[in-house]
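The primary structure of each chain is shown beneath.
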Amino acid sequence: MTGSRSTGVTLRLLDKADREIVKLDRTVMGAVYKFQHEFRRNPWTNGMDFKRLKGHDRLWSARVNREYRALLLRLDDDDWLLVSVKHRRDVHRNLDRLAYGINQVTGAIDYVDLQVVEAGVRGTDVPAPDAAPEPAAVPEPALTETLFARYSAEQLAALGVAESLIPIALKLTTDDELLGLAEHAPRHTGEVLLRLRDGVPYEQVREEVTEPVAAAGEDSPDTEDWQAAVARSQTVVITHDEALQSVLEEGDFGRWKVFLHPTQEKLVHRTYSGPARVSGGPGTGKTIVALHRVKHLVDRLPPGHSRPVLLTTFTRNLAADLRARLISLGGPELLARVDIVHVDQLAQRVVSESAPGGTRRRIDDTQALREWRELLVEAGESRWDAAFLSDEWNQVILGQAVATRSDYFRVRRAGRGRSVSRADRAEIWQLAERYVHRLETKGLETHRQVAERAAQLEIGREARIEERRRQQEERGGLDNIHVASGSGARLRYRYRHVVVDEAQDLAAAHWKMLRAMVPHGPDDIFLVGDTHQRIYDNQVTLGSLGISIRGRSAKLTLSYRTTRQILGSALGLLEGTGYDDLDGGDEELAGYRSVLNGPRPTLLGAAGWDEEIDLVIEQLNAWDDVAREAVAICVPTNEMADDVIFRLGRRGITGTKIHPDGTRREEGVHVGTMYRFKGLEYRRMIIAGVSEGLVPRASVDAWERTDPARHRRELQRARSLLFVAATRARDGLVITWNGEPSRFLRPLRQANSTA
């Protein structure tokens, strides 16, 4: 190859190369942008210093700036794969540590920097460019059994583990060493080894992890066909400057627009015979799977202008975030075929259609509880607690569509904890009737009332549709009643497909409404969620609501957002607490891992709130290496959030509050309550005010004697809130308190004291 070659080449970016690039200094990243632009135009200019590396057939280097070089694999004469950006001295010193080839099982390209992998296994940083070279450090087996002693090199190779990493894998003795390898290994290699370590049987790993990505129809892929190999690899073609910017600067979502994991991709493109569920801890890509699933469903639709796919979630700000991400994923054309609306807004739409011009004002759960308290005071009633009555009305009377006093006498109250006699039920029913009358008189209604009314309206609509269908069948034909479209005179299902994000937070009425909005059949309902992140008191069993997910459930176990240090601390917050799986079983986070490494979370106590704020501001100033917008402060109450913003302002730090519909402006440190951080992520997080009496709130313990089941649920919800907040952090987490620390922090404090 010489400088006389024609200009204009294809440049691709290999998965994981972007993670290395984003860690570079901003000036070096800027040079990378300039480099890729000039390289695509003509790599053969003298200033590019483009040359093949000594001892390698396909690995070349090119000048990024004075100090850094790009490493590229030659796929064809004018087709190049960017695999790394390194300091020039680091490149030439370690040429023998760079391994690459075509995987014998998957047919994809495996590129491995053995020096980086070995440093990860040791738990150390890669030596600085000007440091003395270290000898190769494949870990030697300790006296204890190695992690993969039961497997041979041939067995690991048959699962698709990268050939260059098999000798290292077979010498691993600790989980930390394994995680250090997985962080820098090709994704498939990391997933295979982590699954085996979690005790998943060899054949199951082969069926679930390897077979879906194995080179189809081939005994052994051609190890010289690099064009075929790159088609099987996780790469993105850089066609313009914005393509690289999307991957490097949009965080995990930017990566997942192009680097969808094979396990995730399988879930996205599968045809399901009925409702399906994907679970997984924070950062495993559940929302990404939901968004790609929406795109997959839209791509299979016949041409049209309707919106037959519903994408819904529980809150307004999450719905807005889903809309923005869907536009980024597929543009206006995709958005034009999808109805994106939060579930209470959808219920309100249904009710308004049936009774246009309604003037009742909607009130939230806090206001609804206040109305219960005022009712009891006015009635001179002291036997019943307002919170108990509110839950009884929401979970039992509304939740099971109880319409009469006699129905309430017969209804089951599973999971309610406190038992009530027949006489008790008579009193509760009378109070519930007075409560409904009170709301009607004041022109109020709760979101739960609206949701239940919408559910009943949709169930009635579904019954009429099915009656029409039976009549058509009897007459020998079917009209188009199953094709979803916009509003119109014909009676039809509202949607063809329903996709639900944060499914654990929806109430029974929401599920009944959604079930009735889409015909039963293949790919009807697709839901993603994690009951460990349930922060609202909505506990349901989907099977009892006509949504059977048995045999169509999958779990994502690898976190790509949160470091293993933050993940370990977050899991400690859930210690000793059980969670359901939305279908009557137990949900576990067993095998949930991160392959990212970072500092251990910091725990800081203060004598009082003023001193705690000082600690928070001191930490913010110490994080001067990241933009303010990449940092957030989470607190238990709205009042504390307002106070934090005020106090930050007095110190010259801009703070912006997170509202139900998101932030009103982007600049400054984001501040909000734990509820507001659902679905968000930040480089660094401070969770302040994690004091006993605030987390959990002091009133929760009042239930311990009178209603133990309610007490357990409230403690679980408080833990989940803290868990959600902690797992918003990507690479830095600080938790502070004043006075007595929350009881939930005990495992973390003990772990830190023994570390």
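Our subject is the structure that appears above.
So, a few notes on the structure that sits alongside this text. For clarity, every value in this text was computed on a predicted model and none was experimentally measured. Here the residue numbers are simple positions, counted from 1 along each chain's written sequence. Restriction of local features to residues with pLDDT of at least 70 applies here, the model being predicted, together with a cutoff of 80 or more for giving and counting side-chain atom pairs; totals for whole chains, interfaces and linings are based on all residues. As a convention, hydrogens and water are excluded, and side-chain values are obtained from all of the structure's heavy atoms.

1. As for the pattern of salt bridges
Step number 1: Within this document, salt bridges are pairs made up of a side-chain nitrogen of Lys or Arg and a carboxyl oxygen of Asp or Glu, the two lying within 4 Å of each other. Evaluation of the coordinates by the stated rule reveals 56 salt bridges.
Step number 2: Between Glu 371 and Lys 442 there is a salt bridge, with its nearest N and O atoms 3.0 Å apart. Of the two residues, Glu 371 is situated in helix α17 (residues 365–379) and Lys 442 in the loop between α20 (422–441) and β13 (444–446); the sequence distance between them amounts to 71 residues.
Step number 3: Between Asp 524 and Arg 515 there is a salt bridge, with its nearest N and O atoms 3.1 Å apart. For the pair shown, Asp 524 and Arg 515 are each scored as buried.
Step number 4: Here the salt bridges share partners, and the residues they tie into one network are Glu 371, Glu 374, Glu 378, Arg 438 and Lys 442. Strands are runs of DSSP state E lasting at least 2 residues, helices are runs of H or I lasting at least 4, and numbering of each runs from the N terminus. Think of it in three bands: residues with accessible area under 20% of the maximum for their type are buried, residues over 50% are exposed, and the middle band is partly exposed, with areas taken using a 1.4 Å probe on protein chains only.

2. Considering the sheet that holds strand β5 (residues 79–87)
Step number 1: An order of β2-β3-β4-β5-β1-β8 is seen for the six strands of this open sheet, with the pairing classed as mixed. The open sheet has two free edges, formed respectively by β2 (51–52) and β8 (235–237), since each of these has just one partner strand.
Step number 2: By the convention used here, residues are in contact when the closest approach between their heavy atoms is within 4.5 Å. An axis is simply a line fitted to the C-alpha atoms; with a helix, the fit covers only the stretch in contact. Between two such axes, the angle follows the N-to-C directions and lies from 0 to 180 degrees. Packing against the sheet, helix α2 (residues 26–41) makes contact with β1 (10–14), β3 (59–63), β4 (68–76) and β5, and its axis sits at approximately 35° to β4. Any two strands are treated as partners once DSSP identifies two or more bridges connecting them.

3. Some remarks on a negative patch on the surface
Step number 1: Surface patches are drawn from residues lacking salt bridges whose relative accessible area is over 30%; two like charges belong together within 9 Å, two nonpolar side chains (Val, Leu, Ile, Met, Phe, Trp, Tyr) within 5 Å. Only the protein chains shown count as cover for residues, and all accessible areas are computed by the Shrake-Rupley method using a 1.4 Å probe. Neither His nor the chain termini are counted; the positive set is Lys and Arg, and the negative set is Asp and Glu. Think of each charge as sitting on NZ of Lys, CZ of Arg, CG of Asp or CD of Glu. Together, Asp 57, Asp 222, Glu 224 and Asp 225 line one region of the surface with negative charge.
Step number 2: Along the polypeptide, Asp 225 turns up in the loop between α9 (202–210) and α10 (226–232).
Step number 3: Residue Asp 225 is classed as partly exposed on the basis of its relative accessible area, which comes to 34%.

4. Quick notes on the environment of Ala 641
Step number 1: Here Ala 641 is to be found in helix α25 (residues 638–650).
Step number 2: Owing to a relative accessible area of 0%, Ala 641 belongs among the buried residues under this scheme.
Step number 3: Through-space distance from the C-alpha of Ala 641 to that of Glu 473 is 60 Å; in sequence the pair is 168 residues apart.
Step number 4: When sequence neighbours within four positions are dropped, the list of residues in contact with Ala 641 reads Val 635, Lys 657, Val 671 and Gly 672.

5. Examining the packing of helix α23 (residues 564–573) against helix α27 (residues 708–726)
Step number 1: One way to put it is that α23 packs onto α27 with a least axis distance of 9 Å and a crossing angle of 175°. With respect to α27, the axis of α23 lies roughly antiparallel. On α27, the residues touching Ile 566, Ala 570, Leu 571 and Leu 573 of α23 are Arg 719, Leu 722, Phe 723 and Ala 726.
Step number 2: Polar here means any residue other than Ala, Val, Leu, Ile, Met, Phe, Trp, Tyr, Cys and Pro, which are nonpolar, and Asp, Glu, Lys and Arg, which are charged; Gly is therefore polar. A class-by-class count of the residues in the contact of α23 with α27 yields seven nonpolar, no polar and one charged. These descriptions rest on fixed angle ranges, namely under 35 degrees for roughly parallel, over 145 for roughly antiparallel, 65 to 115 for roughly perpendicular, and the rest for oblique.

6. So, the packing of helix α8 (residues 187–197) against α9
Step number 1: Close contact between α8 and α9 brings their axes to 10 Å; oriented N to C, the two are set at 150°. Viewed along their axes, α8 and α9 adopt a mutual orientation that is roughly antiparallel. As α8 packs across α9, the resulting crossing turns out to be right-handed. Residues His 188, Glu 191, Val 192, Arg 195 and Leu 196 of α8 form the contact with α9, whose own contacting residues are Tyr 202, Val 205, Glu 208, Val 209 and Thr 210.
Step number 2: Of the residues belonging to the contact of α8 with α9, the class tally is five nonpolar, two polar and three charged. A crossing counts as left-handed when the near helix is turned anticlockwise from the far one by less than a right angle, and as right-handed when that turn is clockwise.

7. Comments concerning empty space enclosed by the protein
Step number 1: A cavity, in this analysis, means grid points on a 1 Å lattice covering only the protein atoms where a 1.4 Å probe fits yet has no way out; a pocket is instead an open set bounded by protein on both sides within 12 Å along at least five of seven lines, and a residue lines either one if it has an atom within 4 Å of a point. Grid points are joined across faces, edges and corners, and a volume is the space filled by probe spheres set on the points. In the structure shown here, the tally under the stated rule is four cavities of 30 Å³ or more.
Step number 2: If you add up the space inside the largest cavity, you get close to 100 Å³.
Step number 3: Around the largest cavity sit Glu 191, Leu 194, Arg 195, His 261, Thr 263, Gln 264, Thr 284, Leu 556, Thr 557, Leu 558 and Tyr 560, which together line it.
Step number 4: Looking at the lining of the largest cavity, the elements that each hand over two or more residues are α8 and α13 (262–269).
Step number 5: Here the element with the most residues in the lining of the largest cavity is α8; it accounts for three residues.
Step number 6: Taken together, the residues of the lining of the largest cavity sort by class into four nonpolar, five polar and two charged.
Step number 7: The computed volume of the second largest cavity comes to approximately 50 Å³.
Step number 8: Taken together, His 188, Glu 191, Glu 208, Val 209, Pro 212, Val 213, His 261, Pro 262 and Thr 263 form the lining of the second largest cavity.
Step number 9: Listed by contribution, the elements that provide at least two residues to the lining of the second largest cavity are α8, α9 and α13.
Step number 10: Residues that form the lining of the second largest cavity fall into these classes: four nonpolar, three polar and two charged.

8. Things to note about unusual backbone geometry
With the exception of glycine, most residues fall at negative phi, and the peptide bonds are largely trans.
Step number 1: Here the amide bond leading from Val 695 into Pro 696 is cis, since omega sits at -5°, within 30 degrees of zero.
Step number 2: Structurally, the position occupied by Pro 696 is in the loop between β26 (682–687) and α26 (703–706).
Step number 3: The phi torsion at Lys 16 lies on the positive side, around 85°, for a residue other than glycine.
Step number 4: Unusually for a residue other than glycine, Asp 49 sits at a positive phi of about 50°.
Step number 5: Its place among the elements puts Asp 49 in the loop between α2 and β2.
Step number 6: Residue classification places Asp 49 among the partly exposed residues on the basis of a relative accessible area of 31%.

9. With respect to the sheet that holds strand β9 (residues 276–280)
Step number 1: Spatial strand order, β11-β10-β14-β15-β9-β16: six strands in an open sheet with parallel pairing. Of all strands in the sheet, those with a lone pairing partner are β11 (338–340) and β16 (553–556), marking the two edges. Strand-to-strand twist across the sheet, computed as the mean angle between neighbouring axes with direction ignored, equals 15°.
Step number 2: Of the pairings in the sheet, the one linking β9 to strand β15 (residues 525–529) comprises four bridges and is parallel in character. Across the sheet, residue Val 278 finds its bridge partner in β15, namely Val 528.
Step number 3: Of the strands in this sheet, β10 (309–312) and β11 are in contact with helix α15 (residues 316–335), which crosses β11 at around 165°.

10. Some remarks on the side chain of Arg 40
Step number 1: With respect to the helices, strands and loops of the structure, Arg 40 is situated in helix α2.
Step number 2: Overall, the relative accessible area of 15% leaves Arg 40 in the buried class.
Step number 3: Think of a polar contact as two N or O atoms within 3.5 Å of one another; within protein, one of them needs to be a possible hydrogen donor and the other a possible acceptor, and neighboring residues in sequence only count if both atoms come from side chains. Looking at Arg 40, its side chain comes within polar contact range of the side chain of Gln 36, at 3.0 Å.

11. Details of the side chain of Asp 79
Step number 1: On the secondary structure map, Asp 79 appears in strand β5.
Step number 2: Classification of Asp 79 by relative accessible area gives buried; the value is 6%.
Step number 3: Here the side chain of Asp 79 touches Arg 12 through a polar contact of 2.8 Å, side chain to side chain.
Step number 4: Those residues within four positions of Asp 79 in sequence are excluded, and the remaining contacts are Thr 10, Arg 12, Leu 73, Arg 74 and Gln 227.

Note that every value here comes from positions in space, so none of it alone points to a role or purpose.
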